[in-house]
Amino acid sequence: MTMFALAASTAACSKPVNGYTDEHKISTSPAALECGSEATTLQFEVSADASWQAYADDDCSSWVSDVDPAWSASEKGTVSFKVAENLSRSPRSGSIVIKCGTTRHKLTVTQAAFVPEETVIQCPLKGYSLVWHDEFEDASVNSSNWRFENWAWYYVNSELQYYVAGGKLGNQETAYIEDGVLCIKAQKADGSAKFNGTEDISGKVISARMNSRKSWKYAYMEASIWLPKGKGTWPAFWCMPDDQSKGWPACGEIDIMEEVGVDPDIVSSSIHTTSYNHTKGTQKTANRKLSGAESGFHSYALEWTEDYIKTYVDGKHLFTFENDKAGNNDTWPFNKAFYMTLNLAWGGSWGGYAGVDESALPCTMKVDYVRVFQK
């Protein structure tokens, strides 16, 4: 507990009552009190020229209690009171009132905001150090960390959603922070705004696809994600390269986690290259039944080195793709910087392979954190 004592203060005022002036002198030492965010007990000295009362005013009565004594016939005395723990991220203040007749003196009490202890984030694998992370503790999505796609439906993979710029369209947010969690929400457009200012997409599905502004070559990347429910959902956590000049799939793609709601709790990892991709039926992939993937947070991770790509689910190995060391971009284009993508698609060539169930809308993909470590 930290308490700062300020100079003593004195109050006196007069209020005529039937020709009689009820005026008293009151002083406190210190004149004000400050304390940390933890629960504590504070005290101060009172000096008055008559009996007095002490109580917490309305500004602090909810977190200040047990003011003692509440009344005293002595002209001098010590007042103590309890301060509850402040769990808010904002400081708060109020007053202890000393009343003597109609004279009132206020001693200001200020309590500091709660500041969480800095937690050192460790990589699950040895030899790695944290180089970038987003714990989603800001009031809104940090635009220094993320950029949004702005795509019409059917733009890729026959997907049925519109990805809206900035994670917002009119009155609707498709990407926002709530209780320290990133929420990517697929929902029907309410008509409060037009797509790109021109196209009325009322009743169409809107969602968010967001990319990290930074990119990395070789890293351990991890996200904690709570997957949405519903036939038609297609959430993903994946990576694409900055250099896509050769086009897809020659540029390469790393899918750390994908799931389609029609097959609930089946999570998969894949890579795509010129030689290995789903259009040829040669993609390299692995999947696993993960009970509770749609009812809680689970970690999905990528370990990417110059020798191999590995993925993990809740720390357990899922998938491995090794570098054949042939120096052939068709088989190993993973020797350049890649950025991360989080998105929630609706329908599409995989997400909608068995149709969609619009009663699942709105639905939300939740992300507790995203972290990047490097050696």
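All values reported here derive from a predicted model rather than from experimental measurement. (Residues numbered from 1 in each chain as written. Predicted model: local features only at pLDDT ≥ 70, side-chain atom pairs only at ≥ 80, totals over all residues. Heavy atoms only, no water.)

A. Molecular detail of the overall build of the protein chain. Each helix and strand in the protein chain was counted, giving one helix and 31 strands. For 375 residues, the compact-globule formula gives about 21 Å, and the C-alpha radius of gyration of the protein chain, at 30 Å, lies well above that figure. Along the three orthogonal principal directions, the C-alpha set of the protein chain runs to about 100 × 50 × 35 Å. Of all 375 residues assigned to the protein chain, the portion counted as buried reaches 47%. In the protein chain, 66% of the contacts between residues at least 6 apart in sequence involve partners at least 24 apart. Charge separation in the protein chain, taken as the distance between the mean sites of 34 positive and 47 negative side-chain charges, equals 3 Å. (Helix = DSSP H or I, 4+ residues; strand = E, 2+ residues; numbered from the N terminus. Rg over C-alpha atoms; globule rule 2.2 N^0.38 Å. Buried < 20%, exposed > 50% of the residue type's maximum accessible area, 1.4 Å probe, protein only. Contact = heavy atoms within 4.5 Å. Lys, Arg positive; Asp, Glu negative; His and termini not counted. Charge placed at Lys NZ, Arg CZ, Asp CG, Glu CD.)

B. Representation of the confidence of the model for the protein chain within the structure. Across the protein chain, the average pLDDT comes to 93, with 94% of residues at or above 70. pLDDT under 50 marks residues 1-7. Its contacts with residues more than four places away, or in other chains, come to 22 contacts. The low-confidence segment residues 12-21 (pLDDT under 50) makes 18 contacts with residues lying over four places distant or belonging to another chain. (pLDDT = per-residue confidence, 0-100.)

C. Molecular detail of the sheet that holds strand 5 (residues 32-35). Across the sheet, which stays open at both edges, the five strands sit in the order 5-12-11-7-9 with mixed pairing between neighbours. The open sheet terminates on both sides in strands that have one partner only, identified here as strand 5 and strand 9 (71-72). As defined by bridge partners, strand 11 (residues 92-100) adjoins strand 12 (residues 103-111) across nine bridges and the pair is classed as antiparallel. Opposite G94, over in strand 12, you have V109 as the bridge partner. (Pairing = 2+ DSSP bridges.)

D. Spotlight on the sheet that holds strand 23 (residues 233-241). Here seven strands make up an open sheet; going across it, the order is 14-21-30-23-24-25-26 and the pairing antiparallel. Every interior strand has two partners, whereas the edge strands, strand 14 (146-148) and strand 26 (284-289), have only one. The mean inter-strand angle of the sheet, taken between neighbouring strand axes irrespective of direction, is 15°. As defined by bridge partners, strand 23 adjoins strand 24 (residues 253-258) across four bridges and the pair is classed as antiparallel. Along strand 24, the bridge assignment pairs C239 with I254. (Axes fitted to C-alpha atoms, helices over the stretch in contact; angles between N-to-C directions.)

E. A look at unusual backbone geometry. Residue S29 is joined to P30 through a cis peptide bond whose omega torsion reads 0°. For P30, the position within the fold is in the loop between strand 4 (24-29) and strand 5. Backbone torsion omega between W248 and P249 reads 10°, so that peptide bond is classified as cis. Note that P249 resides in the loop between strand 23 and strand 24. For Y154, which is not glycine, the phi dihedral falls at a positive 70°. Following the sequence through the fold, Y154 ends up in the loop between strand 14 and strand 15 (161-163). Phi at N196 takes a positive value of approximately 55°, unusual for a residue other than glycine. Among the structural elements, N196 can be located in the loop between strand 19 (181-188) and strand 20 (205-207).

F. Region of the structure containing the environment of E23. Along the chain, E23 turns up in the loop between strand 3 (20-21) and strand 4. Sequence separation between E23 and G101 is 78 residues; the distance between their C-alpha atoms is 7.6 Å.

G. The pattern of salt bridges, seen in detail. Throughout the structure, instances matching the rule amount to five salt bridges. Of the charged contacts, one joins K82 and D66 as a salt bridge, the two residues approaching to 3.5 Å between their closest N and O atoms. Of the two residues, K82 is situated in strand 10 (residues 76-83) and D66 in strand 8 (residues 64-68); the sequence distance between them amounts to 16 residues. Note on K82: relative accessible area 43%, which makes it partly exposed. The partner of E358 in a salt bridge is K188, and the shortest N-O contact between them spans 2.6 Å. Separated by 170 residues along the polypeptide, E358 in the loop between helix 1 (348-351) and strand 31 (363-374) and K188 in strand 19 bring together distant segments of the chain. A relative accessible area of 42% means that E358 is categorised as partly exposed. A residue is classified by how much of its surface remains accessible, and K188, at 36% relative accessible area, is partly exposed. (Salt bridge = Lys/Arg side-chain N within 4 Å of Asp/Glu carboxyl O.)

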